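Summary of the model geometry
For reference, the chains in residue letters:
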Amino acid sequence: MNPPTTVTPMLRLFDTAAGTVRPFEPRTPGKVSMYVCGPTVYGPPHLGHGRFSLVFDVLRRYLEWSGLDVTYVSNITDIDDKIIDRANTEQRPWQEITESCEAVWYRAMDAIGVKRPTHDPHATAYVEQMVALIARLIEAGAAYETSDGVYFRPLEVGDYGLLARQDIESLQVGARVDVVDEKESPIDFALWKKAKPGEPSWPSPWGDGRPGWHTECVVMSLDLLGEGFDLHGGGQDLCFPHHENERAQAVADGKVFARHWVHNGFVMVDDEKMSKSLGNFTNLLDLIDRYDARAYRLLCLQSHYRSPIDVNEKNSAQATAALERYDALARRIAGLGDGVPPDTATIERFVGHMDDDLNTPRALAVIAETVTEINRRLDIEDIAGTEPLAAAFRSMLVAVGLTVDDEVAAVGDEAATLCRQRDDARAAKEWARADEIRDQLQAMGYVVEDTPTGTKVRKG
Ligand SMILES: [Zn+2]
């Protein structure tokens, strides 16, 4: 389902570090290495998790559709203060919490169609390498030990504040000053936290303890993707301090870090009345239960990835209805356009928008226009004209990771033929013949439905 070879994708993406849209140029032609900060597994995934997962899944799928070989790394943070707190509150082993939350995470990701990462490194499997990095940072004078851990000195990193797009003085003013604090500056952050009695811990030269969150991702991304990997992504809330602090450690360690930084916008949930009526609507699992599991992807695509999105009952229902129209079209064009090259002009317009900093709202508009045009041509029985458009429709959906349900095609040729014959009989008002075919389909084990787009069957 690749675009025609006449189309050369020239993706331009906003780069947070540069503060501007610029060409995305992979380190190795034809290959893309990307790292997206994954979940801390201590609770169910919320809508913000769903959005970053979908935004970067769309980017990954688009790059793959464009013919690039993508290595996608997204970590699992399986040791963290919040995990320890929950384990203490519930009097359960912390591993039981991380394992069950990770299983829920992947069930939700599978449901919304997010491809599994190429690698999903777990923080607890990388502690030795994190200890080695921290030792090098102390050696280099970038970090120091206190009675409760090891801290990093961002003041030593010349361009600290690059991702926050603030200078170091204003960041220092904003930093929280703890009452009892051995930190040299409020802006310093923990690389290693010494364990209190009963806490999970790993050995280190500074006593048993656990790594700080910012140290995980810098170690795992460089280990799996190598220096100067192509893209580091996450939600806008991770920009500072998390990504800034990852980057600062890499700089202090003399490493070339990510070459392009991509951040997606926030998720808003509608007004108070709405959240009351929907209860725990910020939970991704609830959204999947209430609406078509594909609806959230469509909602995300309808907004630019850097803009905030609003999720509410109305637009979730509208997205579900829009997907039903795609499904209806997919059934109408079942068998049409297979093996036919997609319409070049349509694909070029689509690629033009996607390459423009992933302008998915405009790319979706191209898909919507294609749907209208296919229906128009089918209405005048222009089959030859429909086929390249049908191929383009399917190809564009693949590029953004939207699946369509064209059950008629999926149920097999014989049933599909019978459905068409039944539709012909109904069109000719041959009711007895139509009923006869319905009985025949039911005898084959199908549930038969009349829909505005004709006879639809599914295995009962
Ligand atoms: Zn991270």
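Our subject is the structure listed above.
Residues numbered from 1 in each chain as written. Predicted model: local features only at pLDDT ≥ 70, side-chain atom pairs only at ≥ 80, totals over all residues. Heavy atoms only, no water.

**Looking at the pairing of strand 3 (residues 31-36)**
Where a strand is regular, its side chains alternate between the two sheet faces. Burial within strand 3 is extensive, with five of its six residues counted as buried. When strand 3 meets strand 4 (residues 69-74), the two strands line up parallel, connected through six bridges. In the sheet register, M34 faces strand 4, and the bridge partner there is Y72. Read as a crossover between parallel neighbours, the route from strand 3 over helix 1 (residues 47-65) to strand 4 is right-handed. Bridge count for strand 3 against strand 9 (residues 231-235) is three bridges, and the pairing is parallel. The partner of M34 across the bridge, within strand 9, is L231. (Buried < 20%, exposed > 50% of the residue type's maximum accessible area, 1.4 Å probe, protein only. Helix = DSSP H or I, 4+ residues; strand = E, 2+ residues; numbered from the N terminus. Pairing = 2+ DSSP bridges. Right-handed = clockwise from strand over helix to strand, strands pointing away.)

**Let's talk about unusual backbone geometry**
In most cases, non-glycine residues show a negative phi, while peptide bonds are predominantly trans. A cis amide bond links F240 with the next residue in sequence, P241, at an omega value of 0 degrees. Positionally, P241 belongs in helix 7 (residues 239-252). The phi angle at D357 is positive, at roughly 55 degrees, despite the residue not being glycine. Along the chain, D357 falls in the loop between helix 12 (344-355) and helix 13 (360-379). Positive phi, normally seen in glycine, also occurs at E381, with a value near 60 degrees. Mapping E381 onto the fold places it in the loop between helix 13 and helix 14 (383-400). What makes E381 exposed here is its relative accessible area of 67%.

**Brief notes about the packing of helix 1 against helix 10 (residues 295-302)**
At a minimum axis separation of 10 Å, helix 1 and helix 10 run at an interaxial angle of 75 degrees. When the axis of helix 1 is compared with that of helix 10, the two are roughly perpendicular. Note on element contacts: helix 10 touches helix 1 through Y296, R297, C300 and L301, opposite L47, G50, R51, L54, D57, V58 and R61. Among the residues making up the contact of helix 1 with helix 10, the classes are represented as six nonpolar, one polar and four charged. (Axes fitted to C-alpha atoms, helices over the stretch in contact; angles between N-to-C directions. Parallel < 35°, antiparallel > 145°, perpendicular 65-115°, else oblique. Contact = heavy atoms within 4.5 Å. Nonpolar A, V, L, I, M, F, W, Y, C, P; charged D, E, K, R; others polar.)

**Focus on the nonpolar core**
In this structure, M34, F56, Y296 and F350 are the most contacted members of the largest nonpolar core, which totals 119 residues. At 10 residues, helix 1 tops the list of elements feeding residues into this core. When residues of this core are sorted by domain, at least three fall in each of domain 1 (12-264) and domain 2 (267-405). Once residues lying within four places of it in the same chain are set aside, the contact partners of F350 are Y62, W65, A363, V366, I367, M396, A399 and V400. Formed by eight residues, the second largest nonpolar core is a distinct cluster that contains I437, L441, Y446 and V448. (Core = buried A, V, L, I, M, F, W, Y, C linked by side-chain atoms within 4.5 Å. Domains from an automatic or database assignment.)

So far we have only geometry, and geometry alone does not tell us how the molecule works.
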